Amino acid sequence: MMDSRLTLDAILRRASRVYADKRIVSRGNDLAVSAATYAELRPRVARLMNVLRSLGVKPGDRVATFAWNHARHMELYFAAPAMGAILHTLNIRLAPGQLRFIVDHAEDAVIFYDRSLAPNLRPLLERPDRREAFICMDDGAPDVEPLPGSLEYEVLMAEADDAERFIDADENAAAALCYTSGTTGDPKGVLYTHRSLYLHSVGICMADSLAISECETVLPVVPMFHANAWGIPYACALTGASLVLPGPHVVGKPLADLIESERVTLTAGVPSVYTVLHQYLRQHPHDISSLRSLVIGGSAAPAALIEAWRRDFGVPVIHAWGMTELSPVGAVCRLRASMQDLEPAEQLPILAKQGIPVPMVEADVLDESGAPAPWDGKTTGELVVRGPWVARAYYKEEGAPSPLTDDGWFRTGDVARIDPQGYVELTDRKKDVIKSRGEWISSVEMENAVMGMPGVLEAAVIGRPHALRGEVAAAFVVRRSGTEPITGADVRDHLAATFARWQLPRLKDIHFVDALPKTGTGKFDKKALRAGLQAS
Ligand code: ADP
């Protein structure tokens, strides 16, 4: 057989010819919606490659973005890798110190940023030895000045040569770089290759995976600055699915309006987005009848949320698990053939699992001695994975301890069990596990149980140091507005149905709060919760 190259420019070429008229809809900061087609994307990418060349960007250089989900970001997704550079998506919610750390570590040559986000980039200007160029993308933000010395995206595009010059990239060359969000430690860079991103796109499009096909209209709420928006932009181009890029306004009304007006069939993001959207839609009905599936991942989708979307709107939630190191999708939860006729109540606990590894990804669970644990749905251990889109090392961390086991599996740091049907179920992250009296309490299971109470909007559970027991569970609970206010005793009573008495948080460890701190990627910020407990 031919040894053909799996490169991202091949995806673009295919989209522009086969799916020439399919749309990429993009909404700006001012809510103005514009649309382009895959045919129109290609000459824009060709020009942008020439812009990069004129800026002195060379193959292997890092081209950073600091931007919401929109059409120009999509152009960068293709242009940087297609001219041999490495697309580096910066998380716009990073704290100034982390942002400086990452930009210095990656040695970005140029940063493309949304004008509305210019203030967040100012900390970078204070570095005396900064070397990157800034390119401003005007997103219609009122009253925000570009950074001093920036060039303007559309001016550069207008001036650029329009000759299309793809390079013959090696499929194993680096194409993109993402840093882990550092929920549990310092951010680390993960370098993706053309091949790994291509194969990941194929993997997530498969029918038992996210099932992205030409028939779909896909709205990634998951940001393009977080783990490549879970690979959705490339997957849509590969299959010719229409893409709806929502810009910065992704809560409540603007999100509901966009789903309605663009007849979105599939949307994807972290649980908190769809918790808020569900609440909003209950109060403000919209026509969301086009929606065929809701992909939720990044942190555990609570069973109560999955059930609420089914019950109230008839929309199935597809739970997915992944991590930056996996490009990022590793497992997707769909019912096996034999489970299709089960009652909804029997299906729910299965749908709340993280799912079956996507084809090409292998998963296993190791016990404390490092031996494979049985797939009995009971025995927990560290989840390990391997496959063509799993990282084997971190960027510029040569010489650091390997994240792989001796026989080449990537250690995820997640604690999980696998059942005989192949479903992976996460019970915790290694660093979040609560160890009390030498036994484990699953923070994820306890959070899910608390979030199953009608009066609860969100809940996070962490370990609190305890002199005798090592740790005890502490819960932070956000009450749901418009319901009877629940008490700590209610929470304990509810948990007593599924947890042993010694595992229950004590009344003084149940904190009612107005909101939970979230990380830059929308997950519960357990580091902040722990720090808050220590300080109190
Ligand atoms: P960070 O590790 O900095 O949070 P990632 O976004 O790469 O950055 O997060 C990956 C982690 O998120 C996984 O290792 C896992 O702990 C958690 N995660 C992702 N998806 C799920 C899910 N569906 N259920 C539970 N946890 C999840």
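Further up the page is the structure itself.
Q: Quick question: what am I supposed to make of helix α2 (residues 38–54) here?
A: One turn of the α-helix equals 3.6 residues, which is why residues spaced by three or four share an orientation. Relative to the 24 Å expected for 17 residues at 1.5 Å per residue, α2 spans 25 Å between its end C-alpha atoms, a close match to the ideal helical length. Those residues of α2 that sit buried are Tyr-38, Leu-41, Arg-42, Val-45, Ala-46, Leu-48, Met-49, Asn-50, Val-51 and Leu-52. Once α2 finishes, Gly-56 follows within two positions and takes phi at roughly 90°, a positive value.

Q: Help me out: how do you make sense of the packing of helix α7 (residues 194–205) against helix α8 (residues 232–239) in this one?
A: When two helices pack together, their arrangement is given by the angle between the helix axes and by the axis-to-axis distance. Two elements in contact, α7 and α8, have axes whose closest approach is 9 Å; the angle formed by their N-to-C orientations is 75°. It follows that α7 is roughly perpendicular to α8 by the angle criterion. Two secondary-structure elements touch here, α7 through Leu-197, Tyr-198, Ser-201, Val-202, Ile-204 and Cys-205 and α8 through Ile-232, Tyr-234, Ala-235, Leu-238 and Thr-239. The residue inventory of the contact of α7 with α8, partitioned by class, reads nine nonpolar, two polar and no charged.

Q: Just to check I follow, could you spell out the nonpolar core for this structure?
A: Nonpolar side chains in soluble globular proteins tend to be buried together. Counting residues in hydrophobic clusters, the biggest one holds 125 residues, and the most contacted among them are Tyr-38, Phe-112, Ile-212 and Trp-309. Discounting residues that sit within four places of it in the chain, Phe-112 has contacts with Leu-48, Leu-52, Leu-55, Val-63, Ala-64, Thr-65, Phe-66, Leu-76, Ile-135, Met-137 and Tyr-153. Counting 28 residues, the second-largest nonpolar core is a separate cluster that includes Ile-441, Ala-459, Leu-529 and Leu-533.

Q: Explanation requested: the pattern of salt bridges in the structure shown.
A: Opposite charge on two side chains lets them pair, provided their charged atoms get close. Enumeration over the complete set of coordinates arrives at 31 salt bridges. Taking the shortest distance from any N to any O, the salt bridge between Arg-72 and Glu-154 comes out at 2.8 Å. Placement of Arg-72 in helix α3 (residues 71–82) and of Glu-154 in helix α6 (residues 153–159) is noted, with a sequence separation of 82 residues between them. Classification of Glu-154 by relative accessible area gives partly exposed; the value is 26%.

Q: What is the right way to read unusual backbone geometry from this model?
A: Leaving glycine out, the prevailing phi sign among residues is negative, and the prevailing peptide bond configuration is trans. The omega angle of the peptide bond from Ser-327 to Pro-328 is 5°, so this bond is cis rather than trans. Checked against the element boundaries, Pro-328 lands in the loop between β14 (317–322) and β15 (329–333). Backbone geometry at Leu-31 places phi at a positive 70°, although glycine is not the residue there. Within the chain, Ala-229 stands out as a residue other than glycine whose phi angle is a positive 50°.

Q: Looking at this model, I keep getting lost on the sheet that holds strand β19 (residues 410–418). Mind explaining?
A: Whenever strands of a sheet pair, they do so through backbone hydrogen bonds, lying parallel or antiparallel. Read from one edge to the other, the open sheet built from four strands follows the order β17-β18-β19-β20, with strand pairing classed as antiparallel. Lying at the two open borders of the sheet, with one neighbouring strand each, are β17 (362–366) and β20 (424–429). Between one strand axis and the next, the sheet turns through 50° on average, direction left out of account. On the sheet, helix α13 (residues 443–451) packs against β19 and β20 and is oriented at approximately 100° with respect to β20.

About the cut-offs
- Residues numbered from 1 in each chain as written.
- Predicted model: local features only at pLDDT ≥ 70, side-chain atom pairs only at ≥ 80, totals over all residues.
- Heavy atoms only, no water.
- Helix = DSSP H or I, 4+ residues; strand = E, 2+ residues; numbered from the N terminus.
- Expected span 1.5 Å × (residues − 1).
- Buried < 20%, exposed > 50% of the residue type's maximum accessible area, 1.4 Å probe, protein only.
- Axes fitted to C-alpha atoms, helices over the stretch in contact; angles between N-to-C directions.
- Parallel < 35°, antiparallel > 145°, perpendicular 65-115°, else oblique.
- Contact = heavy atoms within 4.5 Å.
- Nonpolar A, V, L, I, M, F, W, Y, C, P; charged D, E, K, R; others polar.
- Core = buried A, V, L, I, M, F, W, Y, C linked by side-chain atoms within 4.5 Å.
- Salt bridge = Lys/Arg side-chain N within 4 Å of Asp/Glu carboxyl O.
- Pairing = 2+ DSSP bridges.

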